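Secondary and tertiary structure notes
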Amino acid sequence: MNCFKQYFDRYLTTRHSRHLFRSRTTFAILPGSKGTNAQSDALNSKLANQARAELPELLKQLDTSEQGLNAAQVLKRREQYGLNQIEEEKTIHWWRHLWLSYKNPFSLLLTLLAVVSFLTKDRQGAVVISVMVVMATLIRFFQEHRSSQAAHALKELVSNTISVRRCIDGVAQSEGYHPLNDTIEIPIKELVPGDIVHLSAGDMIPADCRLITATDLFLSQSAMTGESLPVEKFVISQATSEAVLQMDNLVFMGTNVVSGTASAVVLATGNSTYFGTVATRVTRVATADDTNAFQLGINKVSWLLIRFALFMVPLVLLINGFTKGDWSEALLFALSVAVGLTPEMLPMIVTTTLARGAVVLSRQHVIVKHLDAIQSFGAMDVLCTDKTGTLTQDKIALARHIDVTGKPSDEVLGLAYLNSYFQTGLKNLLDRAVLEHVELEAQLNIARNYRKIDEIPFDFVRRRMSVVVAEREQHHELICKGAAEEMFEVCTHAQYDGQVYPLDEDRLIRFKKVLRELNQSGLRVIAVAMKEMPLEQTTYSATDESDLTLIGYIAFLDPPKESTAPALEALAEHGISVKVLTGDNELVTVEIARQVGLAVAGVVLGTQIDEMDEQTLSAAVQNNTIFARLSPLNKERIVRSLREQGHVVGFMGDGINDAPALRAADIGISVDGAVYIAKEAADIILLERSLMVLKDGVIEGRKTFNNMLKYIRMTVSSNFGNVFSVVIASVFLPFLPMLPLQLLTQNLLYDISQIAIPFDNVDDEMVRQPLPWNAGGIGRFMLFFGPLSSIFDMITFAVMWYVFMANTVDNQALFHSGWFVVGLLTQTIIVHIIRTPKMAFIESHAAIPLLATTLVIMAVGIFIPMGPLASYFKMQALPWSYFIWLLAIVVSYAVLASLMKRYYIRRFGWQ
């Protein structure tokens, strides 16, 4: 019987509701302090005790009465408890946001190099480096600011009031006090513990309360618990569970009234509510433990390059200082090597790439609140998702209509439609689901063939309701629907296979088995029965609900979104496993998983998770798919456990109970229509209901990450090759292999050629699997391809030394010019070789912008020594025969690099 308490609104209602749905309050939650498990446990214990207390004793404890608080009590409690609102942190100042956009290891290192360059009078180098840092910082700042503004535009903060009973000098505000009628309206934020509030359909519950009176009260708790159907609340608890959220004489802030009326005493307000404890876990200040996968990855790569620079730069300084004897020149050159070794464009390239990804996603109606989330989207290999409102539509739909043997039956649907159509009063969710089959009105020709005779309203003792209709004025039909167990009690016959049979014990067992299978499938089941009545009878009562013929069942479910199944299939094709984390029951969740094609490896309940240590939990989250009856903290633990095992975890949810998990995940994904706290905790907000945007986001994230990796790989391997060549040349040459200004100019031109990388094409094969950061792989790539470029640098040295006789201090300008051009052209051409694992220019083509920048920079590189600027850069024009050698060196380098790429892929793979 209990399962049906949640499925009916008021069948018995002869008055039309005078309550229009009021605007629902959305609470603004901004980053704040972190809650603790101890606080949650204390609150749970306190609420449980207040739920079990006798009502007079509870009112005495709260120092209040059913007539409400007086003015002095209200003022005193407001001073003690504060306003009834979740504590907000002030919006982050622009200067702090700017600092956070700047603060990362590379920007700090480049700033240090810029300062040193300025102090050593290398003004050009200082300007170049400073421009790179400023551009990267400003791009990130403005893009995130725009995204933040878009996210804030989603807030729909409404100024709401609540009906409350207050006393003046201990006397009720009006004579003839009635607990449901005499109230005043006050702003919700002015509520204090002990206030008596009055609730009706459409109200958002303004605080945690204990019911004093209740009439047919049904609440939607889906945002809090994940339950898809409304739950009935009572003055005297009928719950058997010890879980606070299951106590049916308590109502919680953030839930809302679907139907019915009630009065309640306020137990807790603001941050002291259950909602508040969840919010404080979400709105905490970020700590080191909150670093996401992107930040960890970029930090690893940064420190890899920094450590390498700390080794190479002193080595270059010492070699040049001892071999050339000019320590100031050696210091300046070592500093130039440090700049050349450091990919100073990395912050700008990364930010530009992420910003472009955010723009692309915005065209698909996705708000990216934090740019880092785009890479996390691509790296995600586990998606944890809530069920209600995320995978499902968060509405009740008619799933099946069958006879008593389980066979589909249109007759059952027709009778159920007539019952719902002719009943008066407020239609409940199940009635509305049946009435969505509007085609039946025409098929049955209701206006012509049926006329309502009478109605036997629903009540909570019989748990059924009936309508009596005249069919073509030939006979009367009593059509009854209600809770199956109660229906069995008034049925003596059953109809199936076109025949009517006595409902004996054997048949009853068979029919109950069908009912049990439906319930085990997670369906909400209502039985339908009927009997013919004499034409002369015009009034009916509950006593007429006897000797009925059981016709069949109608079953309901919160159906999945149309986009859920194809979205999950697409995610699986792209290497992402999906786990469902829900507060709803396991039967419903397993049925939804079956409908959307999600294979269920196992089911774990929240009560089981509460008993698990971290090691046991790690195994459970790895090996199971469905996690049901979860508390918000259960969801958060599961997400953190997956992250600790090395997974990049996304979490998608839209309820209050999802907010801690959204914050704990590498990437939090919410949807438009979610409660504000969920939107605030999320990194990405989907503005469309279609979950296919998830797949598009994953692909865009992987494209973005691929393009970032291209720059990092190409730059570090090229820079390493240059430095390696410099170290070797410094030992043998009587002059510097390249002047600091030339080295910085070459590095700047190469970096400019990479500006178009964010717009480059990405091979389809590169987005089929998650792409995690692999700092070790980048280091290995650098050691493989860096020395390869040094081989051709050595060949260039030999050509310039022996062929063009640039082997004296007087001829060093010719040597510098020759190596400058070869170095720049090989650096830019290698971009197209290692941007793809495929055959460059044949199997995979770069985007037009990248091809254009490559050609332009190559032309500029040749123009500098050959044009009027040569003397400024201390170079000289190259003989035309040099360009034959240049072509041979560049082509040979491209061929050897392609062969090396094939070997590298066979040995280590491309990632």
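Residues numbered from 1 in each chain as written. Predicted model: local features only at pLDDT ≥ 70, side-chain atom pairs only at ≥ 80, totals over all residues. Heavy atoms only, no water.

**Brief notes about the overall build of the chain**
Looking only at helices and strands, the chain has 31 helices and 25 strands in total. Within the chain, the proportion of its 911 residues that are buried is 59%. Within the chain, contacts between residues at least 6 apart in sequence are counted, and of these 76% link residues at least 24 apart. For the chain, the exposed surface amounts to about 37,000 Å²; the carbon and sulfur share of it is 58%. (Helix = DSSP H or I, 4+ residues; strand = E, 2+ residues; numbered from the N terminus. Buried < 20%, exposed > 50% of the residue type's maximum accessible area, 1.4 Å probe, protein only. Contact = heavy atoms within 4.5 Å. Areas by Shrake-Rupley, 256 points an atom, 1.4 Å probe, with all protein chains shown as cover.)

**Some words on the nonpolar core**
By size, the foremost hydrophobic cluster in this structure holds 129 residues, and its most contacted members are Leu383, Ile669, Ile684, Leu686, Leu694 and Tyr882. When residues in this core are grouped by element, the largest group, 16 residues, is from helix α26 (residues 692-732). With 34 residues, the next largest nonpolar core counts Val404, Val468, Ala470 and Ala527 among its residues. (Core = buried A, V, L, I, M, F, W, Y, C linked by side-chain atoms within 4.5 Å.)

**Quick look at the confidence of the model for the chain**
Regions with low pLDDT carry predicted coordinates that are not meant to be interpreted in detail. Summing up the model confidence of the chain, the mean pLDDT is 80 and the portion of residues at 70 or higher is 84%. Mean pLDDT across the secondary structure elements of the chain bottoms out at strand β3 (residues 171-172), with 46, and peaks at strand β16 (residues 491-496), with 94. Note that residues 1-36 has pLDDT below 50 and, in this model, 122 contacts with residues that lie over four places away or in other chains. Under a pLDDT of 50 for its full length, residues 154-159 has, in the predicted model, 14 contacts with residues more than four places off or in other chains. (pLDDT = per-residue confidence, 0-100.)

**Observations concerning the pattern of salt bridges**
Counted by the stated rule, this structure contains 20 salt bridges. Between Asp63 and Arg77 there is a salt bridge, and its shortest N-O distance comes to 3.6 Å. With Asp63 in the loop between α2 (55-61) and α3 (71-81) and Arg77 in helix α3, this pair connects stretches of sequence that are 14 residues apart. Since its relative accessible area comes to 10%, Arg77 is described here as buried. Ionic contacts of the salt-bridge type, sharing partners, join the residues Asp386, Lys635 and Asp658 into one network. (Salt bridge = Lys/Arg side-chain N within 4 Å of Asp/Glu carboxyl O.)

**Brief notes about the packing of aromatic side chains**
On inspection of all chains with the given rule, the structure shows 21 aromatic pairs. Of the aromatic side chains, those joined through ring pairs into one cluster are Phe781, Phe784, Phe785, Tyr903, Tyr904 and Phe908. Over the face of the ring belonging to Phe781 we find Arg713, whose NZ or CZ atom lies 5.1 Å from the ring centre. (Phe/Tyr/Trp six-rings, centres within 6.5 Å; stacked < 30°, edge-to-face > 60°. Lys NZ or Arg CZ within 6 Å of the ring centre and 35° of its normal.)

**Considering helix α27 (residues 740-753)**
For α27, with 14 residues, the first-to-last C-alpha span of 20 Å sits near the 20 Å given by 1.5 Å per residue. Taken together, the buried positions of α27 are occupied by Pro740, Gln742, Leu743, Leu744, Thr745, Gln746, Asn747, Leu749, Tyr750, Asp751 and Ser753. (Expected span 1.5 Å × (residues − 1).)

**Quick look at the sheet that holds strand β22 (residues 626-628)**
Taken together, the eight strands give an open sheet; going across it, the order is β10-β25-β24-β23-β11-β20-β22-β21, and neighbouring strands pair in mixed fashion. A strand with exactly one partner marks an edge of an open sheet, and here the two such strands are β10 (366-368) and β21 (603-605). Strand-to-strand twist of the sheet, defined as the mean angle between neighbouring strand axes without regard to direction, takes the value 20°. The pairing of strand β11 (residues 382-385) with strand β20 (residues 577-581) spans four bridges and is classified as parallel. Bridging from a neighbouring strand, Val382 pairs with Ser577 of β20. (Pairing = 2+ DSSP bridges. Axes fitted to C-alpha atoms, helices over the stretch in contact; angles between N-to-C directions.)

**Examining the pairing of strand β15 (residues 475-482)**
Extensive coverage of β15 is indicated by the burial of eight of its eight residues. Neither face of β15 is exposed, since His475, Glu477, Ile479 and Lys481 on one face and His476, Leu478, Cys480 and Gly482 on the opposite face are all buried. Examined bridge by bridge, strand β14 (residues 464-471) and β15 share eight bridges and lie antiparallel to one another. Each bridged residue has a counterpart across the sheet, and for Met465 the counterpart in β15 is Lys481. Remark: three residues form the turn of the hairpin made by β14 and β15, two consecutive strands paired antiparallel; Arg472 in that turn has positive phi of roughly 55°. Pairing of β15 with strand β18 (residues 524-533), which is carried by seven bridges, proceeds in the antiparallel orientation. By the bridge assignment, Cys480 is partnered in β18 with Ala529.

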